Amino acid sequence: MKKLAIIGAGIAGLSCAKELQSHGISVDIFEKSRGPSGRMSTRRTPDWSADHGAQYFTARDPRFIQEVQHWINTGSAAAWKPKLKVYEAGAWRDSNSREIRYVGTPKMNSIGKLLAEELSIQYETTISQLQRSSGKWHLQCSETSNIPTPYDFVVLAIPAPQASTLIGDLDDRASKITDTAQMKACWTMMARLPNQLKTEFDAAFINQEIISWICQNGSKPMRHSNLWTIHGSPSWSQEHVELSKEDAQDRLVKCLIKLGFNCQDAEISMHRWRYASGGLENPMGYLSLPNVGLGLCGDWLNGGRVEGAWLSGLELALALKRQCT
Ligand code: FAD
């Protein structure tokens, strides 16, 4: 039986591993964080928790619709029907969007936790280097000694710039693709606003400002915190990715005040996502290179977003299954 390793336990890596496992192909997953889910994440402190990565997801592909139904049936996801507004050119209006939006329950990372059940995942294991010799992959890791098992196939289920670093000059085709992808940062602010009166909306798309999204976490099913999650726009965040947390916070707070929020006595926590969104201009779904035993999957290969990531992992698994069995 061929040995497979997946690097990254975000939604793409988990979807790939689940599909392979359902066909009797076992996989070892290596994840640098303490838990699964990647950018579908929740920041937790003793006092509060808030979704600070993906805010919600939509489902269009019939395979993903079926999967989301399974998540709902197991209590790990639910529909979210926010009162949505749009802010544009100095004015607020109701959003016309009729999309059905879903969230993980009780937290966004509940979905990753569900998918991770029965998978073999080694957490707090950052793969720092790949080496190929005698037709096998050898994985080096930052935290412990190297991974002892040699692998026939390695899947990189991580953002393009991180995949690019690992691939280096190991394969020209793969590095050309990772280097073409354009990913953008996102500055995220989580704020408790004790002096803010109740708003007429749960979440809002903000256009032409440095903030692009604002959302009251407590409006999502099974959440109790009254925290706001605020995202900097992709272009502003990318341009200001090297700001200190304090400077990024000052600028986002000024914008929040301009939007009419009372930020007096605000309690704020910041997070910088270096690779939040974006990817290939022409999505290719996934990449499989059987001759070198290398695969790539992730949102950035498949139009971005949660649905794209899940489908990318699934489709790579189906291609690998044909090669491994
Ligand atoms: P990731 O979730 O990034 O998973 C990659 C995993 O690999 C991570 O867990 C990481 O820790 C791990 N990793 C990386 N390098 C290594 C290494 N060397 N060794 C070991 N492990 C490694 N999508 C939507 O559909 N709707 C939204 O509203 C939405 N909003 C978003 C807002 C923000 C701020 C962000 C950041 C993302 C948002 N997204 C949204 C995008 C969505 O989160 C992603 O499309 C999706 O989660 C990507 O999944 P993935 O598995 O491809 O990658």
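Each chain has its residues counted from 1, following the order in which its sequence is written. Selection of residues for local features in this predicted model requires a pLDDT of at least 70, selection of side-chain atom pairs for listing and counting requires 80 or more, and totals for whole chains, interfaces and linings are taken over all residues. Think of the side-chain values as coming from all heavy atoms in the structure, minus any hydrogens and water.

A.B. asks: Would you mind going over the packing of helix α4 (residues 160-167) against helix α5 (residues 172-180) in detail, with residue names and values included?
C.D. replies: Lines fitted to C-alpha atoms define the axes here, with helix axes fitted over just the stretch in contact, and angles between the N-to-C directions of these axes take values from 0 to 180 degrees. The secondary structure listing takes helices from DSSP runs of H or I that are at least 4 residues long and strands from runs of E that are at least 2 residues long, numbered from the N terminus. α5 packs onto α4 with a crossing angle of 150 degrees between their chain directions and a minimal axis gap of 8 Å. Comparing their axes, α5 and α4 come out roughly antiparallel. The two elements α4 and α5 cross, and the hand of that crossing is left-handed. Across from Ala160, Ala163, Ser164 and Ile167 in α4, the residues of α5 making contact are Ala174, Ser175, Thr178 and Asp179. Class assignment for the residues of the contact of α4 with α5 results in four nonpolar, three polar and one charged. What sets the label is the angle itself: under 35 degrees gives roughly parallel, over 145 gives roughly antiparallel, 65 to 115 gives roughly perpendicular, and the rest give oblique. Throughout, a crossing is termed right-handed when the near helix is turned clockwise from the far one, and left-handed when it is turned anticlockwise from it by less than a right angle. We call two residues in contact when some of their heavy atoms are within 4.5 Å. Ten residues, namely Ala, Val, Leu, Ile, Met, Phe, Trp, Tyr, Cys and Pro, are considered nonpolar, four, namely Asp, Glu, Lys and Arg, are considered charged, and the remaining ones, Gly among them, are considered polar.

A.B. asks: Before we move on, can you summarise the sheet that holds strand β16 (residues 228-232) with the specific residues and values?
C.D. replies: Ordered by their spatial adjacency, seven strands build an open sheet running β7-β6-β14-β15-β16-β13-β17, and the pairing between neighbours is mixed. Unpaired on one side and paired on the other, β7 (91-94) and β17 (267-279) mark the two borders of the sheet. Ignoring which end each strand starts from, the neighbouring axes of this sheet average 20 degrees apart. Two strands pair if DSSP finds at least two bridges between them. With four bridges joining them, strand β6 (residues 84-88) and β7 adopt antiparallel strand pairing. Within β7, the residue paired with Val86 across the bridge is Arg93. The sheet strands contacting helix α7 (residues 245-258) are β6, β13 (182-192), β15 (211-216), β16 and β17, and the helix crosses β13 at an angle near 70 degrees.

A.B. asks: Which residues make up the pattern of salt bridges, and what are the values?
C.D. replies: Any Lys or Arg side-chain nitrogen found within 4 Å of a carboxyl oxygen on Asp or Glu counts as a salt bridge. Counted under the stated rule, the structure contains 13 salt bridges. Close ionic contact of Asp61 with Arg63 constitutes a salt bridge, the shortest N to O distance being 3.1 Å. Partly exposed describes any residue whose relative accessible area lies between the buried limit of under 20% and the exposed limit of over 50%, with all areas from a 1.4 Å probe on protein chains only and scaled to the type maximum. Using a relative accessible area of 35% as the deciding quantity, one classes Arg63 as partly exposed. Put simply, Lys136 and Asp152 hold a salt bridge, and the shortest N to O gap is 2.7 Å. Here the residue Lys136 occupies a position in strand β11 (residues 136-141), and Asp152 occupies one in the loop between β11 and β12 (153-156), the gap between them amounting to 16 residues. Asp152 sits in the buried class, given a relative accessible area of 18%. Through salt bridges with shared partners, a single ionic network connects Asp51, Lys220 and Arg223.

A.B. asks: Can you explain helix α2 (residues 62-73)? Please cite residues and give values.
C.D. replies: With twelve residues, α2 ought to run about 16 Å at 1.5 Å a step, and its terminal C-alpha atoms sit 17 Å apart, in line with that. Considered for burial, the residues of α2 that qualify are Phe64, Glu67, Val68 and Trp71. The buried residues of α2 occupy an angular sector of 100 degrees when the element is viewed end-on, so they sit on one face. Projecting away from the buried face of α2 at angles above 90 degrees are the exposed residues Pro62, Gln66 and Asn73. Gly75 occupies a position one or two residues after α2 and carries a positive phi of about 80 degrees. For a helix, the expected span equals 1.5 Å multiplied by the number of residues minus one. Arc definition: it is the arc formed by the directions from the helix axis to the C-beta atoms.

A.B. asks: Break down unusual backbone geometry for me, with residues and values.
C.D. replies: Cis geometry marks the peptide bond from Thr105 to Pro106, where omega comes out at 0 degrees. Counting through the fold element by element, Pro106 comes out in the loop between β8 (101-104) and α3 (110-116). Unlike most non-glycine residues, Glu118 shows phi in positive territory, near 70 degrees. Turning to its location among the elements, Glu118 is positioned in the loop between α3 and β9 (120-122). Even without glycine at this site, Met222 takes up a positive phi of about 65 degrees. In this fold, Met222 is placed in the loop between β15 and β16. Residue classification places Met222 among the exposed residues on the basis of a relative accessible area of 53%.

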